[in-house]
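# Fold and geometry: a report
Each chain, written out:
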Amino acid sequence: MADRAHPVTEKRHADLRSPLPEHERDLPVDVNWLRRRARQFAAVSQREFHVVTDLSKYSSISGMPFHSHYAAQVYLGPRTARLRVPLMAINLGLVTTREEADRALAHETMHLVVPSYGHKEAAFARAQLLLDKVGQHVPPA
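Now for a look at the structure at hand. (Residues numbered from 1 in each chain as written. Predicted model: local features only at pLDDT ≥ 70, side-chain atom pairs only at ≥ 80, totals over all residues. Heavy atoms only, no water.)

### Observations concerning the environment of Val85
With respect to the helices, strands and loops of the structure, Val85 is situated in the loop between β2 (72-75) and β3 (87-90). The class of Val85 is buried, set by a relative accessible area of 8%. Sequence-distant contacts of Val85, defined by excluding residues within four places in its chain, comprise Glu48, Phe49 and His50. (Helix = DSSP H or I, 4+ residues; strand = E, 2+ residues; numbered from the N terminus. Buried < 20%, exposed > 50% of the residue type's maximum accessible area, 1.4 Å probe, protein only. Contact = heavy atoms within 4.5 Å.)

So this is what it looks like as structure tokens:
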């Protein structure tokens with residue numbers, strides 16, 4: 001297994017543009033901010049998911065390893081028994097800024113919305129669309 005994503009995938013991921021104001025992009029990610037932001041991605045994508053940051057818990061539930069080089073990963077459940085609400089794991093050891101969190105959330109939400117896209121160019125266009133929509137989304141008071 002490769003220790004890194006394909007360079008094209010890495011570039012497409014890095015090219016995702018967060019809608020956060022510049023002064024917020026480098027702020028640290030805390031779990032409360034991440035959960036609020038994830039709710040925004042769920043709202044604009046119309047795809048509910050649970051966010052977990054306890055990677056060992058995610059591995060225990062999914063039965064899948066969460067490798068140290070993964071920033072994020074989604075688990076839909078086994079093909080024959082999909083979860084009603086999928087899991088999204090975020091590695092806070094690698095996703096340390098809000099801009100990085102936006103990229104990870106957009107990337108993984110895209111996989112939930114259109115899993116057949118894989119890491120094609122169209123997949124990252126969809127991820128950018130999600131980011132753009134989150135930028136226009138006004139959370140309820």
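### Quick notes on unusual backbone geometry
Positioned with a positive phi, Gln46 is a non-glycine residue whose angle comes to about 55°. Structurally, Gln46 can be placed in the loop between α3 (31-45) and β1 (50-52).

### Some details on helix α6 (residues 121-136)
For the α-helix, the turn length of 3.6 residues means that residues three or four positions removed from each other point alike. For α6, spanning 16 residues, the distance from its first C-alpha to its last is 23 Å, which sits close to the expected 22 Å at 1.5 Å a residue. Within α6, burial applies to Ala123, Phe124, Ala127, Gln128, Leu130, Leu131 and Val134. The buried residues of α6 occupy an angular sector of 155° when projected down its axis, which confines them to one face. In α6, the exposed positions angled more than 90 degrees off the buried face are occupied by Glu121 and Gln136. (Expected span 1.5 Å × (residues − 1). Arc of directions from axis to C-beta.)

### Side note on a positive patch on the surface
Taken together, the side chains of Arg35, Arg36, Arg39 and Lys57 present a region of like positive charge at the surface. No other element matches the three residues that α3 contributes to the positive patch. Topologically, Arg35 is positioned in helix α3. (Patch = residues over 30% accessible without salt bridge, like charges linked within 9 Å, V, L, I, M, F, W, Y side chains within 5 Å. Areas by Shrake-Rupley, 256 points an atom, 1.4 Å probe, with all protein chains shown as cover. Salt bridge = Lys/Arg side-chain N within 4 Å of Asp/Glu carboxyl O. Lys, Arg positive; Asp, Glu negative; His and termini not counted. Charge placed at Lys NZ, Arg CZ, Asp CG, Glu CD.)

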